[in-house]
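Structural features, examined
Spelled out from the first residue to the last, the chains are:
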Amino acid sequence: MSVDQKFLEKKSLEYRRTIIEIIYNSGAGHTGGSLSCIDILNVLYNGILEITPNNFSTIERNNYIHSKGHSVEALYTVLCDVGFFKKEDLKTLNAFDSHFIGHPTRKVSGVEHNTGALGHGLSVAVGLALAKKKDKSKKKVFALLGDGELSEGSVWEACTSASKYQLDNLIVVVDRNHLQITGKTEDVNPIEPLDEKFKSFGFDVEFVNGNNIIELLEIFQKVPFTADKPSAIIANTIKGCGISFIENEISWHHKVPTDEEYGKAIKELDEKLIKYE
Amino acid sequence: MNDIGKPNLEIFADTLLDQAKLNQNILVVTSDSRGSGKLVNFGKELPDQIIEVGIAEQNLVGISAGLSAGGKKVFGVSPASFLTARSIEQIKNDICYSNQPVVLVGISAGISYGQLGSTHHSIHDFASLRTFNNISIVAPADNFEASEVIKASVGYNKPLYIRYGKKPMMSIHSSGTNFQIGKAITVSEGEDITLVSTGETVQRAVLAGEILKTKGINPNIISMHTIKPFDNDILIKMAKKSKVLISIEEHSIYGGLGEQCANIIAQNKINLDFKILGIPDEYMVNGSQADVLDHYNMSPEKIAALSAQMLG
Ligand SMILES: Cc1ncc(C[n+]2csc(CCOP(=O)(O)OP(=O)(O)O)c2C)c(N)n1
Ligand SMILES: [Mg+2]
């Protein structure tokens, strides 16, 4: 086990703890989707993006667009840890007059773009990537989308532009947890064969275990997969990953833990965290 | 007095299920929104009468228009914000311009989504849809209006938009009240001051009225459930006998109930003190629906205080 791996795996557990904590304390949140994408955000912010409070206001840097905005607790948790604001601030989540609301807003330091209505983020990411091309910048733009979100037609409009302009600095990451609010994506509105879809829209596509730190690090270091082509990473994840009774449970899309569930979740995470002391 | 009823959204779903059981021609279209629309039961009981398009609101409205053109009575159900903002061109062209009598049901409307923020709020829907030809717009106040409008919508032969909130609503009208799309309901008739409101803010006007009565002031209170076509007659009648008119709405102060009242007052040369209460043009404060409405001067106490102050 390399040091980096251990370091990041421990962070993922701590992040999961924070996600549960802030959802429990604020009485609202998107638990399942935040837990499924947290490893992706962990690896991006701690290993790939090099976005810091110091360079945040500059143009010449990488960008990250959190298109599945409802998983805001994952984003706030990571932004807090990489230094954009104090942990104290997170306690105001959902409180009256707080800027920490239930979807990403640029009023919160470190948030790149206001999201929450699904299907917007990829077009914005295409715009950012195009701007970088115009500036002859080598920096990259990452966008995280939900798999249910892919039913929005605007996602595929963005894909056509990405391939027309050969945006090999654009990386779409799909949080492929196979669930949305109503049920399984393939029951609600099937999106398979997803890799073939992206390929036919001009992307190069790879699969990854989106809850595995090492696999994520490796794949993000490999992009772009092909020169002049945008990249799509289909990250197979488990909705609610890391807490046994939340995993793959449809109802946990935006359920808040009861006192008992909260205690159980924290205990599960703490038992895993001990191994990293 | 002031019985707390159910959320209007639940009443909508129950009434629609009853209607759909009687009429197989009724179809519901959802966009990963059946849970939020309280239609899980509908889906179980009448699986052949529900069409699920996934998270694709523009597609939902277009398909609804097509189903309607194919002779079906369609209820397109999705959060009001996405339904009326994202799909606005489908509503404009495929529903309104083409005059398809689809019922568009905006769920968790206004600021019902509270802390989920601006992406999820619909404080633009009256304003934008009012500019479209053919469509009628209704915001039910209590369980009675919530259910009556669905019964009326089944035989309605024009496009119709109905917005629902999700908090339990106090019952305002008795069951014998006459409900008609386009005809406001007078909740109480009084003297010098008129409170006109729509949707979930009507109960705030009613509660303000109770406070005012303890001070010896008897307001006229109107539930203007239909924003379009607007009941000009009732407004003119009430305004003419009032010294003060206050409009209250869970919507931007631009382009909604208040501006429609201003329009009528000005064009009919009615002279009185008038105030529009609604959401101002600013980065909206974060909070629950109730906290936000209170913050923007729409608590019963603040409405009553403003009324008393304007009466002098
Ligand atoms: C345009 C739009 N329509 C509907 C919603 C409501 N909504 C929020 S989350 C969600 C399900 C998202 O599913 P998915 O993209 O698979 O996300 P995940 O499973 O990662 O939570 C829906 C329908 C929304 N936020 N935006
Ligand atoms: Mg999903």
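See above for the structure.
Every chain is numbered independently, its residues counted from 1 as its sequence is written. Chains and ligands are labelled sequentially in the order written, the chains with letters from A and the ligands with numbers from 1. Local features in this predicted model are restricted to residues whose pLDDT is 70 or higher, and side-chain atom pairs enter the listing and the counts only when it is 80 or higher, whereas totals over whole chains, interfaces and linings include all residues. Hydrogen atoms and water are omitted, and side-chain values are computed over all heavy atoms in the structure.

**Examining the overall build of chain A**
Applied cut-off: Working definition: helices are DSSP H or I runs of at least four residues, strands are E runs of at least two. Numbering for both runs from the N terminus. Two things to know: the radius of gyration comes from C-alpha atoms, and the globule rule equals 2.2 Å times the number of residues to the power 0.38. Only protein chains enter the accessibility calculation, which uses a 1.4 Å probe. A residue is then buried if its area is under 20% of the maximum for its type, exposed if over 50%, and partly exposed in between. Only the protein chains shown count as covering a residue, and every accessible area follows the Shrake-Rupley method with a 1.4 Å probe. In this charge count, Lys and Arg are treated as positive and Asp and Glu as negative; neither His nor the chain ends contribute. To locate a charge, the coordinates of NZ of Lys, CZ of Arg, CG of Asp or CD of Glu are taken.
The number of helices and strands found in chain A is 10 helices and 5 strands. Compactness check: chain A gives a C-alpha radius of gyration of 18 Å against a globular reference of 19 Å for 277 residues, within 12% of the reference. Along the first, second and third principal axes, the C-alpha atoms of chain A reach 50 × 45 × 45 Å. With 277 residues in all, chain A has 58% of them scored as buried. Summed over its atoms, the accessible surface of chain A is roughly 11300 Å², and 50% of this surface lies on carbon and sulfur atoms. The centroid of the 32 positive side-chain charges in chain A is displaced by 4 Å from the centroid of its 39 negative side-chain charges.

**Quick notes on the overall build of chain B**
Let me state the cut-off plainly: We call two residues in contact whenever any of their non-hydrogen atoms come within 4.5 Å of each other.
A count of helical and extended segments in chain B gives 12 helices and 14 strands. Taken against the 2.2 N^0.38 rule, which gives 20 Å for 312 residues, the C-alpha radius of gyration of chain B at 19 Å falls within 12% of a compact globule. Taking the principal axes of the C-alpha coordinates as reference, chain B spans close to 60 × 40 × 40 Å. Per-residue burial for chain B yields a buried fraction of 62% across its 312 residues. Taking the contacts inside chain B whose residues are at least 6 apart along the sequence as the reference set, 77% of them involve residues at least 24 apart. For chain B, the exposed area adds up to about 11600 Å²; of that, 48% sits on carbon and sulfur atoms. Seen as two clouds, the 27 positive and the 31 negative side-chain charges of chain B have centres 3 Å apart.

**Looking at the interface of chain A and chain B**
The line we're drawing: A quick way to say it: buried area is the sum, across both parts, of accessible area lost when two parts are put together, with a 1.4 Å probe. Salt bridge, as used here, is a side-chain nitrogen of Lys or Arg placed within 4 Å of a carboxyl oxygen of Asp or Glu. Each polar contact in these results corresponds to two N or O atoms within 3.5 Å; when the atoms are within protein, one needs to be able to donate a hydrogen and the other to accept it, and residues that are neighboring in sequence are counted only if both atoms are side-chain atoms. Any residue that is not Ala, Val, Leu, Ile, Met, Phe, Trp, Tyr, Cys, Pro, Asp, Glu, Lys or Arg is counted as polar, Gly included; the first ten are nonpolar and the last four charged.
Opposite the 28 residues of chain A that make contact, chain B presents 22 residues. When the buried surface of chain A facing chain B is broken down by residue, A:F96, A:E152 and A:T182 rank first, second and third, together holding 27% of it. The residue B:R86 makes a salt bridge to A:E152 at a minimum N-O spacing of 3.0 Å. Seen at the junction of chain A and chain B, the total is 15 residue pairs in polar contact (both at pLDDT 80 or more). Per-class residue counts for the side of chain A that touches chain B are 7 nonpolar, 17 polar and 4 charged.

**Some thoughts on the coordination of the magnesium ion (ligand 2)**
All names here are of chain A. Applicable threshold: The rule for donors is simple: N, O or S, within 2.8 Å of the metal, or within 3.2 Å if the metal is Na, K or Ca. Water isn't counted, so a site may look like it is missing partners.
Each protein donor to the magnesium ion (ligand 2) is listed here as D147 (OD), N177 (OD1) and L179 (O); together their distances run 2.1 Å. Site description for the magnesium ion (ligand 2): donor spacing in sequence, D-x29-N-x1-L. You can see D147 sitting in the loop between β2 (141–146) and α6 (153–164) and its partner N177 sitting in the loop between β3 (170–176) and α7 (185–188), a full 30 residues away along the chain. Neither residue differs from the other here; D147 and N177 are each classed as buried.

**What about the packing of helix α2 (residues 31–48) of chain A against helix α9 (residues 213–222) of chain A?**
Residue and element names in this part refer to chain A. Rules: Lines fitted to C-alpha atoms define the axes here, with helix axes fitted over just the stretch in contact, and angles between the N-to-C directions of these axes take values from 0 to 180 degrees. Here the angle decides the label: under 35 degrees means roughly parallel, over 145 means roughly antiparallel, 65 to 115 means roughly perpendicular, and every other value means oblique. For any pair of crossing helices, the crossing counts as left-handed if the nearer helix is rotated counterclockwise from the farther one by less than a right angle, and right-handed if it is rotated clockwise.
Where α2 meets α9, the axes come as close as 10 Å, and the angle between the chain directions of the two elements is 55°. For the element pair α2 / α9, the angle class is oblique. Remark: the crossing between α2 and α9 carries right-handed chirality. Residue-level inspection shows D39, I40, N42, V43, L44 and I48 of α2 in contact with α9, the latter providing I213, L216, L217, F220 and Q221. Taken together, the residues that form the contact of α2 with α9 break down as 8 nonpolar, 2 polar and 1 charged.

**A word on the site of ligand 1**
Our working rule: By convention in these notes, a residue is near a molecule or strand provided one of its non-hydrogen atoms lies within 4 Å of it.
As a structural note, the neighbourhood of ligand 1 is formed by 24 residues, with A:K68, A:H70, A:D147, A:K239 and B:E57 the closest of them. Around ligand 1, the neighbouring residues derive from chains A and B rather than from a single chain. Measuring from an oxygen atom of ligand 1, one finds a side-chain N or O atom of A:H70 at 2.7 Å. Here an oxygen atom of ligand 1 and a backbone polar atom of A:G148 are 2.8 Å apart. Tallied by class, the residues present in the shell around ligand 1 amount to 6 nonpolar, 9 polar and 9 charged.

**Some points on the packing of helix α8 (residues 202–214) of chain B against helix α12 (residues 300–311) of chain B**
Residue and element names in this part refer to chain B. α12 packs onto α8 with a crossing angle of 55° between their chain directions and a minimal axis gap of 8 Å. With respect to their mutual orientation, α8 and α12 come out oblique. Read as a crossing pair, α8 and α12 show a hand that is right-handed. Each of R204, A205, L207, A208, I211 and L212 in α8 lies in contact with α12, whose residues at this interface are P300, E301, I303, A304, S307 and A308. Class assignment of the residues belonging to the contact of α8 with α12 gives a composition of 9 nonpolar, 1 polar and 2 charged.

**Brief notes about the sheet that holds strand β5 (residues 231–236) of chain A**
All names here are of chain A. The cut-off we apply is this: Paired strands, as defined in this entry, are two strands with at least two bridges between them according to DSSP.
Here we have 5 strands laid out as an open sheet, ordered β1-β2-β3-β5-β4, and parallel in their pairing. At either end of the open sheet lies a strand with only one pairing partner, and these are β1 (63–66) and β4 (204–209). Geometrically, the sheet is characterised by an average inter-axis angle of 20° between neighbouring strands, direction not taken into account. With 6 bridges connecting them, β3 and β5 associate as parallel partners. Across the sheet, the residue bridging to V172 is A232, located in β5. Each of β1, β2 and β3 touches helix α5 (residues 121–134); the most contacted strand, β2, lies at about 170° to it.

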